[in-house]
Amino acid sequence: MSTVIESLLARKQKLVEELEKAQAAADRDRIEHQLEQINTALDFLDRPGSKGGR
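Let us look at the structure shown here. These numbers come from a predicted model, not from an experiment.

## Examining the overall build of the protein
For the protein, the count of helices and strands is two helices and zero strands. The 54 residues of the protein split such that 19% are buried. A sequence separation of at least 24 residues applies to 46% of the contacts in the protein between residues at least 6 apart. Just so you have it, the protein exposes about 4,100 Å², and 52% of that area is on carbon and sulfur atoms.

This is the structure in structure tokens:
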């Protein structure tokens, strides 16, 4: 499970860096949407009672 979390956190960091450089509104929207999905997945994995929670 920790490998999944590590992967999500690494992807999140990369997207945050991309967001800082993004110029076009469409790119920013796409990146923000992906960040929301990652945050949702991390929240789900971090819930009490979930297998292998952080």
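## Brief notes about the environment of Ser2
The topology assignment puts Ser2 in helix H1 (residues 2-21). Note: C-alpha distance between Ser2 and Leu45 (43 residues apart in sequence) is 9.6 Å.

## Observations concerning helix H2 (residues 25-45)
For H2, built from 21 residues, the straight-helix expectation of 30 Å at 1.5 Å per residue is met to within 8% by its first-to-last C-alpha distance of 30 Å. On its buried side, H2 packs onto H1.

## Quick notes on the packing of H1 against H2
Two numbers describe how H1 lies on H2: the axes approach to 10 Å, and their chain directions differ by 155°. With respect to their mutual orientation, H1 and H2 come out roughly antiparallel. Helix-helix and strand crossings are classified by hand; for H1 and H2 the assignment is left-handed. Mapping the contact onto sequence places Val4, Ile5, Leu8, Leu9, Arg11, Lys12, Leu15, Val16, Glu18 and Leu19 in H1 and Arg28, Arg30, Ile31, Glu32, Gln34, Leu35, Ile38, Asn39, Ala41, Leu42 and Leu45 in H2.

## A short note on the nonpolar core
Of all hydrophobic cores here, the largest spans 10 residues; its members are Ile5, Leu8, Leu15, Leu19, Ala22, Ile31, Leu35, Ile38, Leu42 and Leu45. When residues of this core are traced back to their parent elements, those giving at least two are H1 and H2. At five residues, H2 tops the list of elements feeding residues into this core.

## Some details on the environment of Leu9
Within the secondary structure layout, Leu9 lies in helix H1. With relative accessibility at 37%, the residue Leu9 sits in the partly exposed group. Sequence spacing of Leu9 and Leu42 is 33 residues, and the spatial spacing of their C-alpha atoms is 8.3 Å.

Conventions used here
Residues numbered from 1 in each chain as written. Predicted model: local features only at pLDDT ≥ 70, side-chain atom pairs only at ≥ 80, totals over all residues. Heavy atoms only, no water. Helix = DSSP H or I, 4+ residues; strand = E, 2+ residues; numbered from the N terminus. Buried < 20%, exposed > 50% of the residue type's maximum accessible area, 1.4 Å probe, protein only. Contact = heavy atoms within 4.5 Å. Areas by Shrake-Rupley, 256 points an atom, 1.4 Å probe, with all protein chains shown as cover. Expected span 1.5 Å × (residues − 1). Axes fitted to C-alpha atoms, helices over the stretch in contact; angles between N-to-C directions. Parallel < 35°, antiparallel > 145°, perpendicular 65-115°, else oblique. Left-handed = near helix turned anticlockwise from the far one by under 90°. Core = buried A, V, L, I, M, F, W, Y, C linked by side-chain atoms within 4.5 Å.

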